[in-house]
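Survey of secondary and tertiary structure
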Amino acid sequence: MTQNLTNGQSKTVRHDLVARIFRQKLIKFRNVLVKGQVFGSVKYWLYSIESQKHGLPHSHILIWLTNTLRPNQIDDIISAEIPNSSTDKNLYDIVIKNMVHGLCGAFNCLSQCLKEGNCSKMYPRQFIKETQFATDGYPLYRRRKPEDGGQTATVKMKSDSLAIDNRWIVPYSPLLLKMFDAHINVKCFNSVKSIKYILKYVQKGSDQGVFAAHSSNNCIDEISEYHAGRYISSNEAAWCIFGFSIHE
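Right, let's walk through the structure included here. (Residues numbered from 1 in each chain as written. Predicted model: local features only at pLDDT ≥ 70, side-chain atom pairs only at ≥ 80, totals over all residues. Heavy atoms only, no water.)

1. Examining the overall build of the protein chain
The secondary structure content of the protein chain amounts to 7 helices and 10 strands. By residue count, 34% of the 248 residues in the protein chain fall in the buried class. The long-range share in the protein chain, meaning contacts at least 24 apart out of those at least 6 apart in sequence, stands at 59%. Of the roughly 16400 Å² of accessible surface on the protein chain, 49% is carried by carbon and sulfur atoms. (Helix = DSSP H or I, 4+ residues; strand = E, 2+ residues; numbered from the N terminus. Buried < 20%, exposed > 50% of the residue type's maximum accessible area, 1.4 Å probe, protein only. Contact = heavy atoms within 4.5 Å. Areas by Shrake-Rupley, 256 points an atom, 1.4 Å probe, with all protein chains shown as cover.)

2. Side note on the nonpolar core
If you look at the biggest cluster of nonpolar residues, it comprises 39 residues, and the most contacted ones within it are Ile-164, Leu-176 and Leu-177. Of all the secondary structure elements, the ones that give two or more residues to this core are helix H1 (15–34), helix H2 (71–77), helix H3 (89–98), strand S7 (153–157), strand S8 (160–164) and helix H4 (174–180). With 5 residues, H3 is the single largest residue contributor to this core. Taken domain by domain, the makeup of this core includes at least three residues from each of domain 1 (1–68 + 190–213 + 224–247) and domain 2 (70–186). With sequence-adjacent residues up to four places away left out, Leu-176 is seen in contact with Phe-29, Val-32, Leu-33, Phe-39, Asp-181, Ile-184 and Val-186. Ala-19, Phe-22, Tyr-47 and Phe-244 belong to the second largest nonpolar core, which has 8 residues in total. (Core = buried A, V, L, I, M, F, W, Y, C linked by side-chain atoms within 4.5 Å. Domains from an automatic or database assignment.)

3. A few points about helix H7 (residues 234–241)
Those residues of H7 lying buried are Asn-235, Ala-238 and Trp-239. Burial along H7 is one-sided: seen end-on, the buried residues are contained in an arc of 105°. Buried residues along H7 sit in contact with H1 and strand S1 (42–51). Where H7 terminates, the next one or two residues include Gly-243, which has phi positive at roughly 75°. (Arc of directions from axis to C-beta.)

4. Notes on H1
Its 20 residues give H1 an end-to-end C-alpha distance of 28 Å, which sits within 8% of 28 Å, the value for a rise of 1.5 Å per residue. Contact partners of the buried residues in H1: S1, strand S2 (57–65), H4 and H7. (Expected span 1.5 Å × (residues − 1).)

5. Comments concerning the packing of H1 against H7
Close contact between H1 and H7 brings their axes to 8 Å; oriented N to C, the two are set at 65°. By the criterion of interaxial angle, the relationship of H1 to H7 is roughly perpendicular. For the crossing formed where H1 meets H7, the hand is right-handed. On H7, the residues touching His-15, Asp-16, Val-18, Ala-19, Phe-22 and Arg-23 of H1 are Ser-234, Asn-235, Ala-238 and Trp-239. In terms of residue class, the contact of H1 with H7 is built from 5 nonpolar, 3 polar and 2 charged. (Axes fitted to C-alpha atoms, helices over the stretch in contact; angles between N-to-C directions. Parallel < 35°, antiparallel > 145°, perpendicular 65-115°, else oblique. Left-handed = near helix turned anticlockwise from the far one by under 90°. Nonpolar A, V, L, I, M, F, W, Y, C, P; charged D, E, K, R; others polar.)

Right under this line is the structure:
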């Protein structure tokens, strides 16, 4: 990215570079999952691309494994805990930077994840000593208390420093975090809900905006007054101009 910026350009104005680099990373990421078999042999894979309202793209990826993961295998490839900074400082820094759920509730009453005063992502989660499979097909990942061996960390929030524990960590793969140094939320599913979760991003279409145009006279024309406007960010427009796939 920096090598292709010229004359003091900011990366936020080079939507073409953002699209091309993200696609390169996506292809590399897919090859790591499928050919590298970091989670095991893959039977099928599916992904879709979504652009957030502030413009940056992200991908939802679903892979079917040849052999189903057992609860005692999940801890080897997926973690929801703060790493030990003394044994793996690199992973610790990446997790604190990318995988801490934006502190909400009592810490931030204006957080976007709050609905009726409660976190829609169900954070902070409950402490649990061992990973378990729940009845809805979503595992309950190990999140140990500090007195049971769990780690703690200090994060900065505006001008304050807050102490957090494993209840605020988003599940991740240590290997993938070290390879890509990005927010990569990894989950193990045992439910058909995961297919619906992926496909809804392909089918839901673009965001819609309704706006009104008022004339100076008193005549009301409902057709010209309301128009449906399609919301496309500059990064998404660049993605479409290049002809990159939104799902595969």
